[in-house]
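# Residue-level structure breakdown
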Amino acid sequence: MNAPRAWRPFAWPRQLRRAGVLGINRRNIHVLTRLNPKPLYALVDDKLATKEICRGLGIDVPETYAVLERFPDIRRLDRWIGDRQEFVIKPARGAGGRGVLVVLGRDGEDLVPSGGRRMGQEEVRHHLAMILSGAFSKGGRPDRVVIEERIASHPALRDLAGSGAADLRIVLLLGRAVMAMLRVPTKGSGGRANLHQDALGIGMDLATGRTRGGVWRDRAISVHPDTGKGLSGMVVPCWNEALAVAERFASSVALGYLGVDLMLDAARGPVVLEANGRAGLAIQIANRRGLLSEVQEALAEAQPLEPAPAIGLYRCP
Amino acid sequence: MGRPRTIPLTVVILALAGILCIVWRLATGMAGASPRMNGPWTDILDLTRLPRQTQEVLAVLLILPLGAVLTSLVRNVVGFQTFGTLMPNLLALSFLETDWATAAGVFAVVMLVGLGGRAVVGRLRLLIGPRLGLVLTATVLCLVVAISLADHLGLAMRTTSILLPMVVLTILVERFYISIEENGLGQSLKSLATTLAVSLACLALLQWAAMGRLAVRFPEGELFVAIGLILIGRYDGYRLTELRRFRDLGKDGEEPT
């Protein structure tokens, strides 16, 4: 299906250096330590904090319906969601899409999540309790539940994403977008758009907003693994706006190496879902090029980072 | 990419100190041979004067950092994940006092009850803390029954030797569970296998008698271990697993400037 590719069990380090691939050790030792001051991670690790920042910058975010902080709140779930049919339940500090429940509809008492079987009341409550007790947060710290608006895929991307929602990951160095990819759920990813959960990543041409080949399970591919459709040449809508939003966000949080995840709403334009201060490296495979040269430039010109201007808004939670 | 100047400086100082120690030890004939330095304080540095049993304990302690080197190599240079950097070492240490049959038995019980218990306890929809406690309880029950049964059948068993392995294994099972929630079953099994393999290697190191004698004779060898750890900690090249992960990006031709 995916064009005949040579059997290739590995590449030599020399070949990866030639391609300018940024490895994980180099990212951790040089990039994260020099471009991302530790205290600032709190701004992006907590989705509610990220939302606050976005609101202050005039960046669109999904509307928050409710935040559950304590176990008794779980019993009032019905009141929180009212008669809404579609919404998203997510842990405030979850990482990698864990614990996220995208509810597409309701059937009496039951919820119908995307990419999974329907869940009864009791099951949903247990899921909420798991989130509160920190099952999905880093280091198992107690967490909060965010219930928020579900943003639908842009019609132009619906063909590609199927029933799931495709989002756009933009990686920025010192506030400049340097690489981007569309993240598309596949059959195996259970409606989620996270690459290590089998989602598909599609590289983007930054200048034109056109797609080119993709990455799936760490392999460079040229057609969709489920549908067999070609992955290049598609134009992503509101491209320049998306880049501008990501750059505005990144330069304001002052994390020098940042991934911003956003969705493109047909009516509203780019809507920021979350940001990631330790963005993954598979985006390089999707784009068929390495990040190393950009990283070296950024490190060469990096001033000691100034923290975001204190507008009270940026309080760490 | 600029590497802080303190790194080479530290490495050089540590290496010089280590070499100096060894030279001094050889020159004064202190390396275990009989004519000893009889200075009032210098004999502190001579571990071979200590009773045999103390020496054996010290040998184990002195080799532990080597296990840390091994684990860091596997994590940062090879690229396989283990549950914690010190876990393989701790596991090896806990099994050191136990004979192979007991070790395998305890391991089998804890893993089977732990893994099987997860499936059953998972249905109860408990929060993580109590859930782990419940698994621990089930493990304890099984072990107690097994020990009592062994005694009934007239099999002798050194029961004190299972306490430490039991504790460490329970921690391992807990890490494993949390990892299943966080990274999925496949990745977690891989990490578990890596952790066990590395701790077997650590165990082999700890039981290596010649290495133990060498470590007691030249404890300044730790300085070189420290150098190794610093160098691994600053290794910014590709991990072995990345040579595979990024294989589709590999390029022939000129290196970009």
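Residues numbered from 1 in each chain as written. Chains lettered and ligands numbered in written order. Predicted model: local features only at pLDDT ≥ 70, side-chain atom pairs only at ≥ 80, totals over all residues.

### So, the overall build of chain A
A count of helical and extended segments in chain A gives 11 helices and 12 strands. The globule rule puts the C-alpha radius of gyration for 317 residues at 20 Å, and the 20 Å found for chain A is close to it. With the C-alpha coordinates of chain A rotated into their principal frame, the extents come out at 60 × 50 × 35 Å. Here chain A holds 317 residues, and 46% of them are scored as buried. (Helix = DSSP H or I, 4+ residues; strand = E, 2+ residues; numbered from the N terminus. Rg over C-alpha atoms; globule rule 2.2 N^0.38 Å. Buried ≥ 20, exposed ≤ 12 C-beta atoms within 10 Å, placed from the backbone.)

### Overview of the sheet that holds strand E7 (residues 176-184) of chain A
Through backbone hydrogen bonds, the strands of a sheet pair up, either in parallel or in antiparallel fashion. Residue and element names in this part refer to chain A. The 7 strands are arranged E10-E9-E8-E7-E6-E11-E12 in an open sheet whose pairing can be described as antiparallel. Every other strand in the sheet has two partners, leaving strand E10 (219-221) and strand E12 (269-276) as the edge strands with one partner each. Put simply, the sheet's adjacent strands are angled 30° from each other on average, direction ignored. Where strand E11 (residues 257-265) meets E12, 7 bridges bridge the pair, whose relative direction is antiparallel. (Pairing = 2+ DSSP bridges. Axes fitted to C-alpha atoms, helices over the stretch in contact; angles between N-to-C directions.)

### With respect to the environment of Asp248 of chain B
Residues and elements named next belong to chain B. Tracing the sequence through the fold places Asp248 in the segment after helix H10 (240-245). Judged by the 19 C-beta atoms lying within 10 Å of it, Asp248 falls in the partly exposed class. Along the chain, Asp248 and Leu203 lie 45 residues apart, while their C-alpha atoms are 38 Å from each other.

### Things to note about helix H9 (residues 239-253) of chain A
Residue and element names in this part refer to chain A. In this model, H9 (15 residues) spans 22 Å end to end at C-alpha, consistent with the 21 Å of a helix rising 1.5 Å per residue. All buried positions along H9 are accounted for by Trp239, Ala242, Leu243, Val245, Ala246, Phe249, Ala250, Ser252 and Val253. Just past H9, the residue Ala254 takes up positive phi, approximately 60°. (Expected span 1.5 Å × (residues − 1).)

### Observations concerning the confidence of the model for chain A
Here chain A averages 88 in pLDDT, while 93% of its residues score no lower than 70. pLDDT under 50 marks residues 308-317 of chain A. Its contacts with residues more than four places away, or in other chains, come to 17 contacts. (pLDDT = per-residue confidence, 0-100. Contact = placed C-beta atoms within 7 Å.)

### Considerations on the interface of chain B and chain A
With 28 residues of chain B at the contact, the number on the chain A side is 35 residues. Mapped onto the side of chain B that touches chain A, the elements with two or more residues apiece are helix H6 (163-183) and H10 of chain B. It is H10 of chain B that contributes the most residues to the side of chain B that touches chain A, 4 residues altogether. By residue class, the composition of the side of chain B that touches chain A is 10 nonpolar, 4 polar and 14 charged. (Nonpolar A, V, L, I, M, F, W, Y, C, P; charged D, E, K, R; others polar.)

### Overview of the environment of Arg183 of chain A
All names here are of chain A. By the secondary structure assignment, Arg183 is in strand E7. Residue Arg183 is classed as buried on the basis of its C-beta count, with 26 C-beta atoms lying within 10 Å. Residues Arg183 and Leu195, 12 residues apart in the sequence, show an inter-C-alpha distance of 7.4 Å. Setting aside its immediate chain neighbours within four residues, Arg183 contacts Ala166, Asp167, Arg169, Ala193, Leu195, Ala199 and Gly201.

### Remarks on the environment of His127 of chain A
Residue and element names in this part refer to chain A. Mapped onto the elements, His127 comes out in helix H7 (residues 121-132). Classification of His127 as buried rests on a count of 22 C-beta atoms within 10 Å. Sequence-wise, His127 and Gly269 are 142 residues apart; in three dimensions their C-alpha atoms are separated by 31 Å.

### Observations regarding unusual backbone geometry
Residues and elements named next belong to chain A. Phi at Asp198 takes a positive value of approximately 80°, unusual for a residue other than glycine. Tracing the sequence through the fold places Asp198 in the loop between E7 and strand E8 (200-204). Using a count of 17 C-beta atoms within 10 Å as the deciding quantity, one classes Asp198 as partly exposed. Residues other than glycine seldom take positive phi values, yet Arg217 does so here, at roughly 50°. Assignment of secondary structure puts Arg217 in the loop between strand E9 (211-216) and E10.

### Side note on the pairing of E7 of chain A
In this structure, strand E6 (residues 167-173) of chain A lies alongside E7 of chain A, joined through 7 bridges in antiparallel fashion. When the sheet's bridge partners are listed, Asp167 of chain A is paired in E7 of chain A with Arg183 of chain A.

### Details of the sheet that holds strand E5 (residues 145-148) of chain A
Residues and elements named next belong to chain A. Pairing within the open sheet is antiparallel, and its 5 strands lie in the order E1-E5-E2-E3-E4. Two strands close off the open sheet at either side, each with one partner strand: strand E1 (64-68) and strand E4 (110-113). The sheet shows a mean angle of 30° between the axes of neighbouring strands, taken without regard to direction. Where E1 and E5 come together, 4 bridges link them in antiparallel fashion. Bridged to Leu68 within E5 is Val145.

### Thoughts on helix H3 (residues 87-95) of chain B
Counting buried positions over the 9 residues of H3 of chain B gives 7, a clear majority of the element. All buried positions along H3 of chain B are accounted for by Pro88, Asn89, Leu91, Ala92, Leu93, Ser94 and Phe95 of chain B.

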